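# Notes for the structure review
Read off the chains here:
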Amino acid sequence: MVERVRQQCVLEEIETTLERKVQKNRKPRTLDGKGETKLVMLACSNPPDGHAQWSLKLLSNKLVELEIVDTISTETVRRSLIKLLKAVA
């Protein structure tokens, strides 16, 4: 890695080498800040009839039903909730 950075510094300016490059193949986030806010509000609300508590599957289905997102996996919902819990703690 050091050799690659050294070669890049020789071929380009040092500022260009040290700047972050735009990632072209990166997929946009499923939940933005507003979506995460709605997820928290939903998770803190009463669960649907017939359920004692919200499950990840229920939350992901409700987000799609409310047209907050087109599709979302339960894993994305889980990661978002964990990230938000860590931010609060």
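Predicted model only: the values in this text are computed from it and were never measured. (Residues numbered from 1 in each chain as written. Predicted model: local features only at pLDDT ≥ 70, side-chain atom pairs only at ≥ 80, totals over all residues. Heavy atoms only, no water.)

Taking 1.5 Å per residue as the helical rise, helix H3 (residues 33-44) with its twelve residues ought to reach 16 Å, and the 17 Å between its terminal C-alpha atoms agrees with that figure. Those residues of H3 that sit buried are Gly-35, Glu-36, Leu-39 and Leu-42. Taken around the axis of H3, the buried residues stretch over an arc of 120°, which confines them to a single face. Turned more than 90 degrees from where H3 packs its buried face, Lys-34, Met-41 and Cys-44 sit exposed. (Helix = DSSP H or I, 4+ residues; strand = E, 2+ residues; numbered from the N terminus. Expected span 1.5 Å × (residues − 1). Buried < 20%, exposed > 50% of the residue type's maximum accessible area, 1.4 Å probe, protein only. Arc of directions from axis to C-beta.)

Along the chain, the position of Ser-80 falls in helix H5 (residues 74-88). Among the polar contacts made by the side chain of Ser-80, one reaches the main-chain carbonyl oxygen of Thr-76 at a distance of 3.0 Å. Once residues within four sequence positions are removed from consideration, Ser-80 is found in contact with Leu-31, Glu-36 and Leu-39. (Polar contact = N/O pair within 3.5 Å; in protein donor to acceptor, adjacent residues only side chain to side chain. Contact = heavy atoms within 4.5 Å.)

The next subject is the layout of surface pockets. The volume enclosed by the largest pocket comes to roughly 170 Å³. Taken together, Pro-28, Arg-29, Thr-30, Leu-31, Glu-36, Thr-76, Arg-79, Ser-80 and Lys-83 make up the lining of the largest pocket. Here the element with the most residues in the lining of the largest pocket is H5; it accounts for four residues. Here the residues of the lining of the largest pocket sort into two nonpolar, three polar and four charged. (1 Å grid on protein atoms, 1.4 Å probe; cavity = no way out; pocket = protein on both sides within 12 Å on 5 of 7 lines; lining within 4 Å. Points joined across faces, edges and corners; volume = space filled by probe spheres on them. Nonpolar A, V, L, I, M, F, W, Y, C, P; charged D, E, K, R; others polar.)

So, on to the nonpolar core. Grouped together as the largest cluster of nonpolar side chains are eleven residues: Leu-31, Leu-39, Leu-42, Trp-54, Leu-58, Leu-59, Leu-63, Val-69, Ile-72, Val-77 and Leu-81. With three residues, helix H4 (residues 56-65) is the single largest residue contributor to this core. Setting aside anything within four residues of it in sequence, one finds Leu-63 in contact with Leu-39, Leu-42, Ile-68, Val-69, Ile-72 and Val-77. (Core = buried A, V, L, I, M, F, W, Y, C linked by side-chain atoms within 4.5 Å.)

This part is about the environment of Lys-62. Within the fold, Lys-62 resides in helix H4. Assessed through its relative accessible area of 26%, Lys-62 is described here as partly exposed. Setting aside its immediate chain neighbours within four residues, Lys-62 contacts Leu-42 and Trp-54.

What follows concerns the pattern of salt bridges. Inspection of every chain in the model, using the stated rule, returns six salt bridges. One salt bridge in this structure joins Lys-83 and Glu-36, with 2.8 Å as the shortest N-O distance. Taken together, the residues span a long stretch of sequence, with Lys-83 in helix H5 and Glu-36 in helix H3 at a distance of 47 residues. Judged by relative accessible area, Glu-36 falls into the buried class, the value being 9%. Glu-75 is paired through a salt bridge with Arg-79; the nearest N and O atoms lie 3.7 Å apart. With Glu-75 and Arg-79 both in helix H5 and four residues apart, this pair spans about one turn of that helix. The partly exposed category is assigned to Glu-75, whose relative accessible area is 35%. One connected set of salt bridges, linked through shared partners, spans Arg-29, Glu-36 and Lys-83. (Salt bridge = Lys/Arg side-chain N within 4 Å of Asp/Glu carboxyl O.)

Such coordinate-based values are descriptive only and should not be taken to indicate function.
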